[in-house]
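So the chains spell out like this:
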Amino acid sequence: MDTEKVKADLEKALGPVALKSVRSSLLVENAQDLPKVAKFLKEDAAYRLDYLSSVTASDFIDYLETVYHLYSMEKKTGPVTLRVRVPRTDPKIPSLVSLYRGAEFQERDNFDLFGIVYEGHPDLRRIMMWEGFEGFPMRKDYLQEDSETLESVDVEWLEKNGVKVPEAAKAKAVELRQQGKRALAERRVEDKG
Amino acid sequence: MNKTFEAKDVNLAGINSSLLEVNIGPQHPSTHGVFRMNAVLDGEVIVSLKPVMGYLHRNHEQIAENMSYAASMPYTDRLDYFNSMSNNLGYALSVEKLAGLEVPERAEYIRVIMAELTRLINHIAVIGFLLNDLGAFFTPVLYAFREREKILDIFEEISGSRMMCNYLRFGGVKRDLSPAILERIRGVVTAFPRFLDEFETLLTKNEILCMRCQNVGVLSPELAINASITGPLLRASGVNYDIRKVDGYSVYPRFQFKVPLGPKGDVYDRYYVRILEMRESLKILDQALNTIPAGEIMSKKMIPFLKSPRNFKPPVGEAYARVESPKGELGFYVVSDGTPQPWRYHVRAPSFINLTILEDMCLGQKVADAIIILGSVDIVLGEVDR
Amino acid sequence: MEALDQIFVSLKQGILNAAAGFLPAWTGPLLSVAISIGAIALLGPVTMMYLTLLERKVVGRMQNRIGPNRVGKWGVLQPLADGVKMLTKEDIVPARADRLLHLLAPLLIVMPALLVFAVIPFGKHMTAVDLSVGVLYFLAISSTTTIAIFTAAWASRNKYSLLGGMRAAAQMISYEIPMVLSAVPILLASQSLSTHAIVEAQGGFHGLQWFIFTPWGFVAFIIFFLCGVAECNRSPFDLPEAESEIIAGFHTEYSGMKFALFYMAEFMNSFTLSGLATTLFLGGWQGPFLPSWVWFFGKTYALIFIMLWFRGTLPRFRVDQMMNLAWKLLLPLSLVNVIVTGFWFFVNPPLAIGGSIAILWLSGWILVRLNQSYLPEKRTYQFAD
Amino acid sequence: MMYFGEGVVKGMMVTLKAFVASYFKGPEDGGLFTVEYPEQRLPEKENFRNFPFLIYDNTPDNLRCVACDICAKECPPKCIYIVREFDKDNKPLKRPAVFNIDHTVCMNCGICEEACPFDAIYMDHNFEIASAERNENLLFRKDKLLKSNEYFHKIRPTDATAIDERRAAAEAKKKAAEAAAAQKAAAAQAAPKPAAPGTTTPPAAEPPKTV
């Protein structure tokens, strides 16, 4: 479905909607009117896009993005791809669960791995990681926890269970606690091939 | 309508019986992997059921972002480890779409043959495990695995490994099918219907199976479409949506086959739609084996990259290709930034999304029903947790 | 043939005579009782061990595989290996379990299983205790296993075993009634509760006049056998220990020798119930040429093969379907069967045979129609393009 | 469906047929097909790939691997570790001093076999390498990895012969090229005068690629 025709229809039907076609998809400039666009595409007789195939988030360093692939099961027509971009600092996108029940788990998955908050999602919890996990693993700036160096919490736990912790490790733990830092592994510079 | 016991009939106000909260899983004989269901039971009837997953989460998508395109092909085998060939096919299609590669005729036919053989394996294994959850003590599973062995031997002969095939490459396949192998595949394909008939006499009209499976876990077509359910689950509810027909990817439009649809969308329909789908796959395999053309199996542009996969740099852009894997729509969304490593790699896993409405199907049913509803949804945790 | 038939009886007599030589007279009866008890105490566990092997072999063969054949020639020593493993396995008792009841439950379940051996007529003159109320004794003792199972479920303080215990209580009580009622026609026909007399009553046509060949006997046999399978929690009715739904049901928290006792009780129950079904319906040790105990063990193991066959093929019922089958199908059918037996004896033969078959067929058909909602529906599948 | 139990009875006939067939029928038509593993074995398939191994021609220190590190870069789980060998006055040699493959990490995907330009590393058939100790026994060092070309011919005959032919052809081409170059050098050295400036000397034979 070529994006120009879809863009034209949307502007005709919804009036002031900032749309920009990016490669083969349609960028909804302002995140807030995403539900309006999706609702129109779902109910309009010409489109009937009643099947949300996949909700994918990705991290482009200066913004976070969510891509929606919409299909119509009724008319068996091809994908209309919507795209929403939000700043990294406070990523908020209105949730589509009220329109498409299928987005429920996928939005939770994106929240868990990227930290994009989907407003209006009935039960926005982490789905892959355990509750106490901090950080969003799929972001490009995510640093893994360095498993070699011990933090003060680990040292206490080891000593409580009768394990003799070497002096150097204990000193490193105390120093980390004073600086208030977490033991994070630096990003191993992957040779770009 | 199979009258099941509704808690509402009996007035429990007088009795102050509390609800029993049971964790079914993650270590449980019939959750098909490390999958947990927080079930709240009123006697045997399920009042609420929250799925919990993530125990097998390896962050396959981040691993793929730190490796070259070809290096993450063996990892796609481990997504849904029951059908590695259709995972490979999905990934290969999305990268070929991204890089605009042409696949020679013979390679396309080989891919269709491999995908359909994987569909046979997956469906009989699923039916076998469903009967295991129903209590038939391993007999259907072992009949199914006896047939599965024959097909896995063929995979081992061709790709080198039974389940982790890593057989497809971008632009073609790794090794050609010798005439001897084609004969062996034809032998398996002709012997399969006889096994299917025997399997059906054992199961389809079995009164206990019918009593246990009919009108259990009913899924309405509207809810199925709205919840992005795909695969045999959707077609059992009567929605005619098969990606081999809709997208017509690879050389599927050249084959005549039908799409079976179920009338009611309960566990029995999902079981029987899978058996009918196997018969359709056998038709496709027959036609593919008869009309497979000769020719080379790798596109010219990709032969230099066989020796040095790290130098394969697709153009900047993104591509989303989807495949009708035996569990549903398996999509691969790949974003390239011109370097040999993908910028973003996302897998649209059918089992993960088919679980969205597990609770809706299980409310009001019994514990025994919840187990077979989960069995009929057919999840594999490698794909759910990625 | 007579010598071979009475070989065990003469063996016991020989021992008694030999012992009488140098033992005081009053020890005679004690010794005879001791020998009988010894025989049963040996027969019970050994049958159990070799039933586990038979089950694994038969179900294995049904699944195109060999079954245990590593320990001993055809896996003959496998039961010994299992026994040693069970003895050496650590016996874990859950922290918050009720320790006393947790220990008591396995004992409570094995005692009835062994007591019931007393009334089974293994051969001519080979019934341990020829009680005049044999069948009543059997049914009464075997119904106490429900309490043991529920104690096990409640004592191990585990949600799954609680579910299993509830299911066990519901199942065994609701299958007790059709089982007893299906034994009533046999008691009417042989006018006695003693197992010995029942077998005697089936002695006509040199040992082939079994009760199963009468219409009401055949229906009663089917009901009795199905309820028997349900009583010892075996295949289509193995809800109390449904491994795919509630892990191992009431014996989830048992390991080591305690678990072995549960296992032993289940197999001994299935042996004794098959034995009783043979006694009531298949003419116990009655048979044309072979020695009497060969006939008894042959028929019993045939019924046990059917139980294993169930286990190798059939899926499991759901709780409400299982209860419905007992209360709405088997119970009314067994009541009608009692009436038909009466009709059979007080009407002259030609009308009796036709009439009873007609009544039973009609009542069966009506009952199946009444349970219409539980019958499989016809489904049509379209093929879209 | 006339009677209530008809489906169940038909189903049980299937299992009874399987039970009887297991005694009288062969593995092909429904009988027993169990292969009792340690005593009997399934015929080994040529394309089966298990863990990689290094090939040497006739003596272990004449191995084909030139420590070019391509397979270590290509390996998805990064389980190959290579250190190049240096001779006395530390000039790099075309041989690996250390070549470790960690078998607990390797997933036998066969990408190193495809990527190796010197036919040095191929997938083995030996899968019985279970051991009690994980760190030392499953980290295969160079000596444990090296296997002869004859062994390669034994386990993968068709591939081995095809590779040997290709190597022999490349060898022959290289010798021919050297002979031509040597013979041309001799000719050029014997008669330098007649080389008129007009005739451009034929383009030097394309240096033999060692692929």
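Residues numbered from 1 in each chain as written. Chains lettered and ligands numbered in written order. Predicted model: local features only at pLDDT ≥ 70, side-chain atom pairs only at ≥ 80, totals over all residues. Heavy atoms only, no water.

**Quick look at the overall build of chain A**
Scanning chain A from N- to C-terminus turns up 5 helices and 7 strands. Each helix and strand of chain A, placed in order from N terminus to C terminus, yields the pattern α-β-β-α-β-β-β-β-α-β-α-α. Principal-axis analysis of the C-alpha atoms gives chain A an extent of 70 × 35 × 30 Å. In chain A, buried positions account for 49% of the 193 residues. A separation of at least 24 residues holds for 50% of the contacts in chain A among residues at least 6 apart in sequence. When the accessible area of chain A is evaluated, it comes to approximately 9700 Å², of which 57% is carbon and sulfur surface. (Helix = DSSP H or I, 4+ residues; strand = E, 2+ residues; numbered from the N terminus. Buried < 20%, exposed > 50% of the residue type's maximum accessible area, 1.4 Å probe, protein only. Contact = heavy atoms within 4.5 Å. Areas by Shrake-Rupley, 256 points an atom, 1.4 Å probe, with all protein chains shown as cover.)

**Focus on the arrangement of the chains**
Among the 5 pairs of chains that make contact, the interface with the largest number of contacts is formed by chains B and C. Separated without contact, chain A and chain C have their nearest C-alpha atoms at a distance of 13 Å.

**With respect to the environment of V34 of chain B**
All names here are of chain B. Turning to its location among the elements, V34 is positioned in the loop between strand 1 (20-24) and strand 2 (36-42). Each C-alpha atom of the pair V34 and V384 lies 10 Å from the other, and the pair is 350 residues apart in sequence. Every residue in contact with V34, bar those within four places of it in the chain, is listed here: P26, Y55, L56, L381 and D385.

**Overview of the sheet that holds strand 1 of chain B**
Spatially, 1-2-3 (chain B) is the arrangement adopted by the 3 strands of the open sheet, whose pairing is antiparallel. With partners counted over all chains shown, the strands left at the sheet margins are strand 1 and strand 3 (45-52) of chain B, one partner each. For this sheet the average axis-to-axis angle between neighbouring strands, irrespective of direction, equals 20°. Strand direction decides the pairing type here: strand 2 of chain B and strand 3 of chain B, joined by 7 bridges, are antiparallel. Each residue of the ladder has a partner; that of V40 of chain B, found in strand 3 of chain B, is S48 of chain B. Of the strands in this sheet, strand 1 and strand 2 of chain B are in contact with helix 8 (residues 159-190) of chain C, which crosses strand 1 of chain B at around 115°. (Pairing = 2+ DSSP bridges. Axes fitted to C-alpha atoms, helices over the stretch in contact; angles between N-to-C directions.)

**Quick word on the interface of chain B and chain C**
Taken together, the 60 residues of chain B in the interface contact 37 residues of chain C. Both faces combined, the contact of chain B with chain C buries some 4300 Å², and carbon together with sulfur accounts for 57% of it. Put simply, E245 of chain C and R212 of chain B hold a salt bridge, and the shortest N to O gap is 3.4 Å. Where chain B touches chain C, the interface holds 26 residue pairs in polar contact (both at pLDDT 80 or more). Broken down by secondary-structure element, the contributors of at least two residues to the side of chain B that touches chain C are strand 1, helix 4 (105-134), helix 5 (139-159), helix 7 (207-213), strand 6 (259-261), helix 11 (267-290) and helix 15 (367-377) of chain B. Grouping the amino acids of the side of chain B that touches chain C by side-chain chemistry returns 30 nonpolar, 15 polar and 15 charged. Summarising the sheet, strand 6 of chain B and strand 1 (residues 382-384) of chain C pair through 3 bridges and their orientation is antiparallel. Counted as the bridge partner of L261 of chain B is Q382 of chain C from strand 1 of chain C. (Buried area = accessible area lost by both parts, 1.4 Å probe. Salt bridge = Lys/Arg side-chain N within 4 Å of Asp/Glu carboxyl O. Polar contact = N/O pair within 3.5 Å; in protein donor to acceptor, adjacent residues only side chain to side chain. Nonpolar A, V, L, I, M, F, W, Y, C, P; charged D, E, K, R; others polar.)

**Structural notes on the packing of helix 5 of chain B against helix 6 (residues 179-203) of chain B**
Residues and elements named next belong to chain B. Relative orientation of the contacting elements helix 5 and helix 6 amounts to 170°, with a least axis distance of 11 Å. Between helix 5 and helix 6, the crossing angle belongs to the class labelled roughly antiparallel. Facing P140, Y143, A144, R146, E147, K150, I151, D153, I154, E157 and I158 of helix 5, the residues of helix 6 in contact are I181, R184, I185, V188, F192, F195, E198, F199, L202 and L203. (Parallel < 35°, antiparallel > 145°, perpendicular 65-115°, else oblique.)

**Brief notes about the packing of helix 11 (residues 215-231) of chain C against helix 14 (residues 319-345) of chain C**
Residues and elements named next belong to chain C. Two elements in contact, helix 11 and helix 14, have axes separated by 9 Å at closest approach and are oriented at 155°. One element, helix 11, and the other, helix 14, form an angle in the roughly antiparallel class. Of the two possible hands of crossing, helix 11 and helix 14 adopt the one that is left-handed. Along its contact with helix 11, which presents P215, W216, V219, A220, I223, L226 and C227, the element helix 14 presents L330, L333, S334, N337, V340, T341, W344 and F345. Grouping the constituent residues of the contact of helix 11 with helix 14 by class yields 12 nonpolar, 3 polar and no charged. (Left-handed = near helix turned anticlockwise from the far one by under 90°.)

**A short note on the sheet that holds strand 5 (residues 139-140) of chain D**
Strand pairing within a sheet occurs via backbone hydrogen bonds; the two strands may be parallel or antiparallel. Residue and element names in this part refer to chain D. The 3 strands lie next to each other as 2-3-5, forming an open sheet whose pairing is antiparallel. What marks the edges here is a single partner per strand, and that holds for strand 2 (80-86) and strand 5. The sheet contact formed by strand 2 and strand 3 (residues 92-102) spans 6 bridges and is antiparallel. The partner of V83 across the bridge, within strand 3, is V98.

**Observations concerning the pattern of salt bridges**
Per the counting criterion, the structure on display carries 87 salt bridges over all chains. Taking the shortest distance from any N to any O, the salt bridge between E245 of chain C and R167 of chain C comes out at 2.9 Å. Here the residue E245 of chain C occupies a position in the loop between helix 11 and helix 12 (256-281), and R167 of chain C occupies one in helix 8, the gap between them amounting to 78 residues. R156 of chain D is paired through a salt bridge with D159 of chain D; the nearest N and O atoms lie 3.0 Å apart. Among the ionic contacts, a cluster of salt bridges with common partners joins E44 and R212 of chain B together with R167, D238, E243, E245 and R316 of chain C.

**Things to note about the nonpolar core**
Residues and elements named next belong to chain B. If you look at the biggest cluster of nonpolar residues, it comprises 146 residues, and the most contacted ones within it are M114, Y167, F170, I185, L355 and L358. In terms of residue count, the dominant contributor to this core is helix 4 (15 residues). Beyond its immediate sequence surroundings of up to four residues, F170 is in contact with Y69, A70, M73, Y91, A92, V95, E96, L101, M298, M302 and F312. (Core = buried A, V, L, I, M, F, W, Y, C linked by side-chain atoms within 4.5 Å.)

**Some details on the side chain of R244 of chain B**
Residues and elements named next belong to chain B. Mapping R244 onto the fold places it in helix 10 (residues 243-246). Polar contacts involving the side chain of R244 include one to the side chain of E116, which spans 3.3 Å. Of the polar contacts made by the side chain of R244, one reaches the side chain of D242; its length is 2.8 Å.

**As for a nonpolar patch on the surface**
Residues and elements named next belong to chain C. Together, L42, V46, Y50, W74, V76, L77 and L80 give the surface a local cluster of nonpolar side chains, amounting to about 670 Å² of exposed area. Counting residues per element, the nonpolar patch draws most heavily on helix 3 (residues 27-62), at 3 residues. Turning to its location among the elements, L80 is positioned in helix 4 (residues 78-88). (Patch = residues over 30% accessible without salt bridge, like charges linked within 9 Å, V, L, I, M, F, W, Y side chains within 5 Å.)

**Observations regarding helix 11 of chain B**
Because each turn of an α-helix spans 3.6 residues, side chains separated by three or four positions in sequence point in the same direction. Taking 1.5 Å per residue as the helical rise, helix 11 of chain B with its 24 residues ought to reach 34 Å, and the 35 Å between its terminal C-alpha atoms agrees with that figure. With 20 of 24 residues buried, helix 11 of chain B lies mostly within the body of the structure. (Expected span 1.5 Å × (residues − 1).)

**With respect to unusual backbone geometry**
Cis geometry is found at the peptide bond from G25 of chain B to P26 of chain B, where omega equals -15°. Tracing the backbone shows P26 of chain B in the loop between strand 1 and strand 2. Here N233 of chain C, not a glycine, exhibits a phi torsion of approximately 50°, which is positive. The residue N233 of chain C is located in the loop between helix 11 and helix 12 in this model. Of note, D69 of chain D is a non-glycine position whose phi angle comes to about 70°, a positive value. Position of D69 of chain D among the secondary structure elements: in the loop between strand 1 (52-56) and helix 2 (70-74). On the accessibility criterion, D69 of chain D (26% relative accessible area) is partly exposed.

**Focus on the confidence of the model for chain A**
Summary statistics for chain A give a mean pLDDT of 86 and a share of 96% for residues scoring 70 or more. Residue range residues 189-193 of chain A is modelled with pLDDT below 50. Its contacts to residues more than four positions away, or to other chains, number 7 contacts. (pLDDT = per-residue confidence, 0-100.)

**Side note on the environment of A187 of chain D**
All names here are of chain D. Here A187 shows up in helix 6 (residues 157-190). A187 sits in the partly exposed class, given a relative accessible area of 43%. A C-alpha to C-alpha distance of 51 Å links A187 and K78, two positions 109 residues apart in sequence.

**Structural notes on the confidence of the model for chain B**
Per-residue confidence for chain B gives a mean pLDDT of 91, with 96% of residues at or over 70. Taken together, the chains of this predicted complex give a pTM of 0.90 and an interface ipTM of 0.87.

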